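# Report on the structure
Single-letter residue listing:
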Amino acid sequence: MNDTGPAVTALLQSWQDGNRAALDQIVDQLYAQLRAVAGQQLNAERPGHTLAATALVHEAYLRLQANAKAKAHFVDRHHFLAIASRAMRCILVDYARGRKRLKRDGGQQVTLEEFTAVTNSTHDLLAINTALEKLAALDPRKVQLLELISFAGATYAEAAAILDISEATVHRDLKFARAWLKNELNGEGA
Amino acid sequence: MPDTAHRWRRIETLFHRASALPTPERNAFLDHECAGDPDLRRTLQDLIQSDSESGVLDQAIAAEARQMVDEIAPGAIFGAFRLEELLGHGGMGAVYRAVRIDREFSQQVAIKLVRSHLRAEDWTRRFLRERQILARLNHPYIARLLDGGSLHGRPYIVMEYVEGVTADAYVQQHSLSTRDRLLLFEKVCQAVSYAHGQLVVHRDLKPQNILVQAGGLPKLLDFGIAKPLEEEEDSALTQASQRVLTPQYAAPEQVLGQPITTATDVYALGALLYALLANQAPFDSTGLSGFALEKAICDQDPPPPSTLVKLDPDIDAIIARAMRKEPAQRYPSVGALEADLARWLGGYPVEASRGNWQYRTRKFLRRRAGAVLAATLLAGSLAGGFASTHVQQQKAERRLEEVRELANRFLFEFHDSIAALPGATKSRQMVVARAIEYLDRLAAESEGDRRLEADLAAGYERIRDIQYGFDYGHLNDVEGAVASAQRALNLRQKLLAATPKDPAAIAAAAKANLDAANLLAETGASLDQAQSYLDSAQRLLAASAQSQPGALPQLRSESAVAIGAAAIENAKGDGDRAVAAARRAVELQQKVYDSSHDPADAPRLLGAIQMLGDALLLGANRPLEALATYQRALQILPALPSGVQQEMNRGQLLARIGLAYAIAGRHPEALPYRRQALAVAEAIAARDPQNALAARDLAVACLNAAQNEYKAGSKTEAVRLARRMVAMFEVAMQQSNGSGQSRTDYAAALEDLADYLVRTEARAEPETLLERAIALREQIVRQEPERGVYQSHLAHAWTQFGDSYARWGEPGKAEAMYRKALAAYEKLERDKRINGLDRSDWDRTKRNLANLSTQKK
């Protein structure tokens, strides 16, 4: 494996200390991890094929931690989740944008299968992203919560610990945030 | 700004308060709180409405991530190939241009990494079955299939690499005239027609599966590839739930999970021609749920293409004829479709215009088929969003409440309405499979919603009873029922954990534990697990009895636990312990019944007594005591509600009494009971001639009576009965589409008949019967290698065949059969699947083999 553990650990700290640019670098690193995981996925004995975003994050975390331990660093899982959730959102949204562009520019190779579905889901994630941005302006904590739960697969308990709120609040916030998001996407924004 | 923040807080607070209220009070609450602020009122209304829908974010993320992972792969080495470039991806998986790297010359190919619900080995097995045929397809317009299989657990297909543009894009990019489009389409027809001549149906024809190369010549992709991904024909489960085809171009029979024939391709060609001429698919899926789309395919006609583009109405007629809902109403072959097009191109009147576009499929929707259709569609609507096709996945969002209501209607009303339909078993199995799929999916999203979880538990429980319950019409699927029971149990436990003091939750959890324990005992597997469920049930019941004082409830609980314990002991097979446990169960349940006089307690008493009889007869080998016990059960019978259920119980008891006499070696006394049991079974079957279970019971009664007649009555009658039961089991096998159970039954019937004939008749007939029986059994073992019982059946059949050869004076052949049987028993022992009966059969086989060699000397 490539030697990204300590670097990411340092970047995490740096981002935590207020260095916004560190996020971009972390995203790059994480993306490399994701590629590696996915590449390995091709040649790994594994039943089914359901590598979801949250599973990717989980695998990436395990790798980082394995590397970090070797260097006597410890990447705190909460710490990691906090950042990975944001990074995952960036990655997926960038990816969706890229593909939408490709489609629009008629990057016509051989299309062996229908692309209709692809465009729909792209639209979905991009629309969701816009809605999330709007929500962030109103209530940033709820966006962080959605990122943790949906993009990084954090448990409710983890999310509660990271955001320093009770689990009951996690439930309430999620319920409201999801309803709001759904409503926003229905074009009936509050 | 503070205003905005204040309003936001207020919305959130009101939202939580309002959602906690039941609907009528909620409206009053909102009216009050939002008085003079209609905007606020509407916002809250919308939010509460949206609250009941879910999953939008998670689904979008999952879809995106999956695509990304697929796309990340280029450059990767995959077996003997290097993946060069992602060409596209869709429902079936991602397709790459790839290069072979294990050869001197580099061969360019297309590799499809198939995304499938199948396990890799299942896929490989199915694919290999098709490969020979598919690889033989050799036509200039068909992309060659080069190879396929699975690597590192990942199914894949290697095919000829084709450079081109999909047919729909091609005709638009080149602004082809109608005539040129038809000429292109004709070439497609030629390829399909050729494949039909090779007995291959494409199954998934659509513009995206046809690439047009630079010279304007088409290449058809993925010929027949959909088949190995579909449900196996002989499997009981739905075809539809695991469909991989694109619904927009699917024929009604595909939506309905009905047999797929060349007529299916004729339909798809019609839809393809529609798309090529009208520049849009016949059924527009935009904004439609999978359910609505499937419904449209089954009972709506698409707008005639001439209403969309300038077109001769005769072309409308040709397309309409190809796309008839009823396969038999379409062109009889691709050739006939081609011929009609040729007529049009030549300026002649076309055949198709003799019909008309508004042709309605009334006949297709006649009453019974209508019910089956509704079954499929309703099931489709439940699972539609979750089925494997991604278009449906896109539509997955739907309102939870709506789905829940639909589920209730479907589970509780719909299933019951088809349960009694002749030949409905397959549809019901499909309905059940779909329902489970749907429940599983909903369960994954139910986190924290207690009402939904309670509904889901009830749903699983209902499914469990349909799979294997007390009703006459259950599906006889114990394993499935166990799985459902365990799912229900998990939910009940979770609900209980949330409200540990709620008596209803305790009772429900106790019952779920009991049911799971009883079902596991029924399968004979995981008896420790069954015991632990039973222990949990006991603890819960003890706790609830405290809160609910009174002798009767407590007694009922104790009795229920005792019955469960007896069932487990029975399954464990220690006769004496089983008898003791069953006695206790009978005692307790008798007390319950004596103090309640509630007819609802009678069936359980009957069940306990019958269990005691079984423990005595089969476990402890005390047939005479068993006899007395069964007689006692017969006396209780009138206390049960009269009807089929009671008759069925009577038949069962009579048969048991006959069996007890037979085991005691008193065959002449057994005979009248066997004959009575047969008469009861006849009566039940006559009342409900289409009921498959009744037919099976009758056949079993024939089988038993035949055995008895052979031993103590008339040998001629035995053979007559045996022939009758063979015929009945054969019909049952055909009607159930060859389910494992039905084939086992049929093989056993053949073996019995052969056994009677082998002593009296010429060799030819019994030999043929045994060959057929063994071929069936071998097939069953191949298909279900995990089930030891099938191997022991097969071993038994080999021994029987060996005995027959010995009788016919062919010691060589006899020995070969015995050796096969011995090998099978050894394997059973190695796999630790051997039981006592097998051991005695094994010993018998060894003895017979030894006798053979002494005879030879």
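Every value quoted in this text rests on a predicted model; they were computed, and no experiment measured them. Sequence order sets the numbering: in each chain, residues are counted from 1 along the sequence as written. Chain letters start at A and ligand numbers start at 1, both assigned in the order the entries are written. Restriction of local features to residues with pLDDT of at least 70 applies here, the model being predicted, together with a cutoff of 80 or more for giving and counting side-chain atom pairs; totals for whole chains, interfaces and linings are based on all residues. Note that the side-chain values use all heavy atoms of the structure and ignore hydrogens as well as water.

### Description of the overall build of chain B
For chain B, the count of helices and strands is 34 helices and nine strands. Buried residues are those whose accessible area, probed at 1.4 Å on protein chains only, stays under 20% of the maximum for their type, while exposed residues exceed 50% and partly exposed ones sit between those limits. Across the 857 residues in chain B, those meeting the buried criterion constitute 54%. Expressed as a percentage of contacts within chain B between residues at least 6 apart in sequence, the contacts between residues at least 24 apart total 63%. On chain B, roughly 36900 Å² of surface is accessible, and the fraction owed to carbon and sulfur atoms is 51%. A run of H or I in DSSP counts as a helix once it spans at least four residues, and a run of E counts as a strand once it spans at least two, with each numbered from the N terminus. Two residues qualify as a contact provided that any one of their heavy atoms is within 4.5 Å of a heavy atom in the partner residue. Exposure was quantified through the Shrake-Rupley algorithm and a 1.4 Å probe, taking into account, for residues, occlusion by the shown protein chains and nothing else.

### Some thoughts on unusual backbone geometry
Outside of glycine, negative phi angles account for most residues, and trans bonds account for most peptide bonds. A positive phi is found at D164 of chain A, a non-glycine position, where the angle reads about 60°. Along the polypeptide, D164 of chain A turns up in the loop between helix 7 (156-163) and helix 8 (167-185). Classification of D164 of chain A as exposed rests on a relative accessible area of 69%. Within the chain, R203 of chain B stands out as a residue other than glycine whose phi angle is a positive 80°. With respect to the helices, strands and loops of the structure, R203 of chain B is situated in the loop between helix 7 (178-197) and strand 8 (210-212).

### What to know about helix 32 (residues 788-807) of chain B
Residues and elements named next belong to chain B. Multiplying 1.5 Å by the residue count of a helix minus one yields the expected span of that helix. Over its 20 residues, helix 32 runs 29 Å from end to end, which matches the ideal 28 Å to within 8%, given 1.5 Å per residue. Helix 32 sits mainly inside the fold: 14 of its 20 residues count as buried. In the stretch just after helix 32, G809 is the one whose phi turns positive, near 70°.

### Looking at the confidence of the model for chain A
Averaged over chain A, the pLDDT score is 65; the fraction of residues at 70 or greater is 44%. As a per-residue measure, pLDDT reflects the predictor's confidence and takes values from 0 up to 100. Within the model, pLDDT remains below 50 along residues 1-6 of chain A, and this stretch shows 14 contacts once partners closer than five positions in the same chain are excluded.

### Quick notes on the packing of aromatic side chains
Residue and element names in this part refer to chain B. In this scheme Phe, Tyr and Trp rings, the latter by its six-membered ring, pair at centre separations within 6.5 Å, and the angle between planes marks the pair as stacked below 30 degrees, edge-to-face above 60, and tilted otherwise. The tally for this structure, following the rule as stated, stands at eight aromatic pairs over all chains. Aromatic side chains F801 and Y805 sit 4.8 Å apart centroid to centroid with 20° between the ring planes, which places their arrangement in the stacked category. Here F801 pairs with Y805, and both are found in helix 32, just four residues apart, close to one helical turn. F801 sits in the buried class, given a relative accessible area of 3%.

### A short note on the sheet that holds strand 9 (residues 218-220) of chain B
Residue and element names in this part refer to chain B. Taken in spatial order, the three strands of this open sheet run 7-8-9, and their pairing is antiparallel. Bordering the open sheet on either side are strand 7 (165-166) and strand 9, each of which pairs with just one other strand. Here an axis means a line fitted to C-alpha atoms, over the contact stretch when the element is a helix, while the angle between two N-to-C directions is reported on a 0 to 180 degree scale. Of the strands in this sheet, strand 8 and strand 9 are in contact with helix 7, which crosses strand 9 at around 35°. Only strands joined by at least two bridges in the DSSP assignment are considered to pair.

### What about the packing of helix 22 (residues 551-572) of chain B against helix 23 (residues 575-596) of chain B?
Residue and element names in this part refer to chain B. Running from N to C, helix 22 and helix 23 point in directions that differ by 155°, and their axes come no closer than 8 Å. Classified by the interaxial angle, the pair formed by helix 22 and helix 23 is roughly antiparallel. Here helix 22 runs over helix 23; the crossing is left-handed. Contact residues: helix 22 offers L552, L555, R556, E558, S559, A562, I563, A565, A566, E569 and N570, while helix 23 offers R577, A578, A581, A582, R584, A585, L588, Q589, K591, V592, S595 and S596. When its residues are assigned to classes, the contact of helix 22 with helix 23 shows 12 nonpolar, five polar and six charged. Throughout this description, any angle smaller than 35 degrees is read as roughly parallel, any larger than 145 degrees as roughly antiparallel, any in the 65 to 115 degree range as roughly perpendicular, and the remainder as oblique. Throughout, a crossing is termed right-handed when the near helix is turned clockwise from the far one, and left-handed when it is turned anticlockwise from it by less than a right angle. The nonpolar class holds Ala, Val, Leu, Ile, Met, Phe, Trp, Tyr, Cys and Pro. Asp, Glu, Lys and Arg form the charged class, and all remaining residues, Gly among them, are polar.

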